[in-house]
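Chain by chain, the residues:
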Amino acid sequence: MPLVNTKKMFEDAYEGKYAVGAFNVDILTQCQAVLEAAEECNSPVILSFSSGSRDFFHPGNIKDILLIAAKDIHIPWAIHLDHGKSFEICKACIDEGFTSVMIDASAYDFEENVRITKEVVEYAHAHGVTVEGELGPCSKKDDPRFKKYTDPEMVFEFVKRTGVDSLAVSMGTCHGLAKFQPNEVPTLQFDLIEEVEKLLPGFPLVLHGSSSIPDEYLNIFNNYGGELKGTKGVPEELLRQVAQTAVCKINIGTDFRVAFVGGLRKSLSEIKDKFEPRNFLVPAREQCKKLVKEKLSNVFQSSGKVINILKEE
Ligand code: G3H
Ligand code: ZN
């Protein structure tokens, strides 16, 4: 059960031209889906907790609970804080055994973002934990800051001054169901990635807002009473391309949530004569597992890569 930080994961992903999947989880059933899918694909994987998910799951004991749950898991996996907004929340997660934290101080000006991120990096590195920063917002489509792409020169300065291990940059995506205007042709800023690659060879970038909202899972959700409308995700073909660049981590929250809740909606609607919670949760877990396996194998191209990581250790 190799619980690891993300350093070696990202080094290998950079060299091997694939990306590590990071999935936003709320409950143990979802963690099992992610870990089992990654184990079956031989892929490294990241369990991402927002501050809210951490509070809900079990602050203080997440690592212990997951170590027990992952006793038969052999692939490298990480416990990551997603969009930590302060030094304090990052410190709390580091103290309780997270192996990776994101400090998202992107709402502040550049200097303040540098100051807070550097403070987190110093504390995290002293505890063997890797740090993801954010420069340039990955915000809602209607946020006026959105689509002000990150400046590669500022990435260089930010990385040098903070010592951060990876960085989320604004390259054309945003969180949630609608990432592009209805008539917009989805694109990502590949030029930006190339510029960063030149300035900082080997440095891992992170793509947020990477859900594709596949019809298969959306239809299950909506066919069983859901009403998700106006969706427009990142096409999988773009993600396949980006996985081969310096982008070493791709975040999936929305797709994973839609798959889980869609699976629940379906089982709640179809199963009329049972009342054990597991009868409803197992189909939802299986649907998540299927989604994760599809992402790891067909999109992020990380399947079969674990052998490389373990061989070198
Ligand atoms: O931090 C989480 C991810 O960036 C979620 O993005 O809404 O496209 O799944 P998503
Ligand atoms: Zn995000």
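Preceding this paragraph is the structure being described.
Thresholds applied
- Residues numbered from 1 in each chain as written.
- Chains lettered and ligands numbered in written order.
- Predicted model: local features only at pLDDT ≥ 70, side-chain atom pairs only at ≥ 80, totals over all residues.
- Heavy atoms only, no water.
- Near = heavy atom within 4 Å.
- Polar contact = N/O pair within 3.5 Å; in protein donor to acceptor, adjacent residues only side chain to side chain.
- Areas by Shrake-Rupley, 256 points an atom, 1.4 Å probe, with all protein chains shown as cover.
- Helix = DSSP H or I, 4+ residues; strand = E, 2+ residues; numbered from the N terminus.
- Nonpolar A, V, L, I, M, F, W, Y, C, P; charged D, E, K, R; others polar.
- Contact = heavy atoms within 4.5 Å.
- Pairing = 2+ DSSP bridges.
- Axes fitted to C-alpha atoms, helices over the stretch in contact; angles between N-to-C directions.
- Donors = N, O, S within 2.8 Å, 3.2 Å for Na, K, Ca; no water.
- Buried < 20%, exposed > 50% of the residue type's maximum accessible area, 1.4 Å probe, protein only.
- Expected span 1.5 Å × (residues − 1).
- Right-handed = clockwise from strand over helix to strand, strands pointing away.
- Core = buried A, V, L, I, M, F, W, Y, C linked by side-chain atoms within 4.5 Å.
- Salt bridge = Lys/Arg side-chain N within 4 Å of Asp/Glu carboxyl O.

Enquirer: In this structure, what is going on with the site of ligand 1? I would like to understand it.
Expert: As a matter of local geometry, ligand 1 sits amid 14 residues, with D82, K179, S211, G253 and T254 nearest to it. A distance of 2.5 Å separates an oxygen atom of ligand 1 from a polar atom in the side chain of K179. Between S210 and ligand 1, the recorded distance is 3.0 Å, taken from a backbone N or O atom to an oxygen atom. Here ligand 1, which alone exposes 310 Å², has 96% of that area covered by the protein. Mapped by element, the contributors of at least two residues to the shell around ligand 1 are β3 (77-84) and β8 (247-252). Across the shell around ligand 1, the residue classes tally to one nonpolar, 11 polar and two charged.

Enquirer: I would appreciate a short explanation of the environment of L188 in the present structure.
Expert: Within the fold, L188 resides in the loop between β6 (166-169) and α8 (190-199). Discounting chain neighbours no more than four positions away, the residues touching L188 are M171, G172, T173, L207, V234, L238 and V242.

Enquirer: Explanation requested: the sheet that holds strand β4 (residues 100-103) in the structure shown.
Expert: Strand pairing within a sheet occurs via backbone hydrogen bonds; the two strands may be parallel or antiparallel. Taken in spatial order, the eight strands line up as β1-β2-β3-β4-β5-β6-β7-β8 and close into a barrel, and their pairing is parallel. Neighbour-to-neighbour, the strand axes of this sheet turn through a mean angle of 25 degrees, independent of strand direction. Bridge analysis of strand β2 (residues 45-49) against β3 gives five bridges, and the strand direction is parallel. Bridged to S48 within β3 is H80.

Enquirer: Looking at this structure, how should I read the coordination of the zinc ion (ligand 2)?
Expert: When four donors bind a metal tetrahedrally, each ideal donor-metal-donor angle is 109.5 degrees, and when six bind octahedrally, the ideal angles are 90 or 180 degrees. Coordination of the zinc ion (ligand 2) by the protein involves H83 (NE2), H175 (NE2) and H208 (ND1), with metal-donor separations of 2.1 Å. Counting the intervening residues between successive donors of the zinc ion (ligand 2) yields the motif H-x91-H-x32-H. Here H175 lies in the loop between β6 and α8 and H83 lies in strand β3, a separation of 92 residues in the sequence. Given a relative accessible area of 15%, H83 falls into the buried group.

Enquirer: Help me out: how do you make sense of helix α11 (residues 254-270) in this one?
Expert: Each full turn of the α-helix corresponds to 3.6 residues, which orients residues three or four apart in the same direction. For α11, with 17 residues, the first-to-last C-alpha span of 24 Å sits near the 24 Å given by 1.5 Å per residue. For α11, every residue scored as buried is listed here: T254, D255, F256, V258, A259, F260, G262, G263 and S267. On its buried face, α11 sits against β1 (20-24), α2 (28-41), α9 (215-223), β8 and α12 (277-299).

Enquirer: I keep staring at the pairing of β3 and nothing clicks. Help me out?
Expert: In regular strands, side chains alternate between the two faces of the sheet. Extensive coverage of β3 is indicated by the burial of eight of its eight residues. Where β3 lies against β4, three bridges are found, and the strand directions are parallel. If you follow G84 over to β4, its bridge partner there is I103. Taking the sense of rotation as the criterion, the β-α-β connection linking β3, helix α5 (residues 87-95) and β4 turns out right-handed.

Enquirer: What is the right way to look at the side chain of Q30 in this model?
Expert: Structurally, the position occupied by Q30 is in helix α2. At a separation of 2.7 Å, a polar atom in the side chain of Q30 contacts the main-chain amide nitrogen of D26. Leaving out residues up to four positions away in the same chain, Q30 has contacts with V25, F256 and F260.

Enquirer: Could you clarify how one ought to interpret unusual backbone geometry in this entry?
Expert: Where the residue is not glycine, phi is negative for most of them; where a peptide bond is considered, it is trans in most cases. In this model, K17 sits at a positive phi of 55 degrees, which is unusual for a non-glycine residue. One can find K17 in the loop between α1 (7-16) and β1. For K17, a relative accessible area of 51% gives the class exposed. Even without being a glycine, H83 presents a positive backbone phi close to 55 degrees.

Enquirer: When you look at the nonpolar core in this model, what are you seeing that I'm missing?
Expert: Nonpolar side chains in soluble globular proteins tend to end up buried together. Core analysis: the biggest nonpolar cluster contains 82 residues, and F49 and W77 have the highest contact counts within it. Formed by 10 residues, the second largest nonpolar core is a distinct cluster that contains F10, A13, V20 and A22.

Enquirer: What is the right way to look at the pattern of salt bridges in this model?
Expert: A side chain with one charge may pair with a side chain of the opposite charge, provided their charged atoms come close. Evaluated as defined, the whole model comprises 22 salt bridges. The partner of K91 in a salt bridge is D95, and the shortest N-O contact between them spans 2.8 Å. Note that K91 and D95 are positioned in helix α5 at a spacing of four residues, about one turn of the helix. The class for K91 is partly exposed, based on a relative accessible area of 30%.

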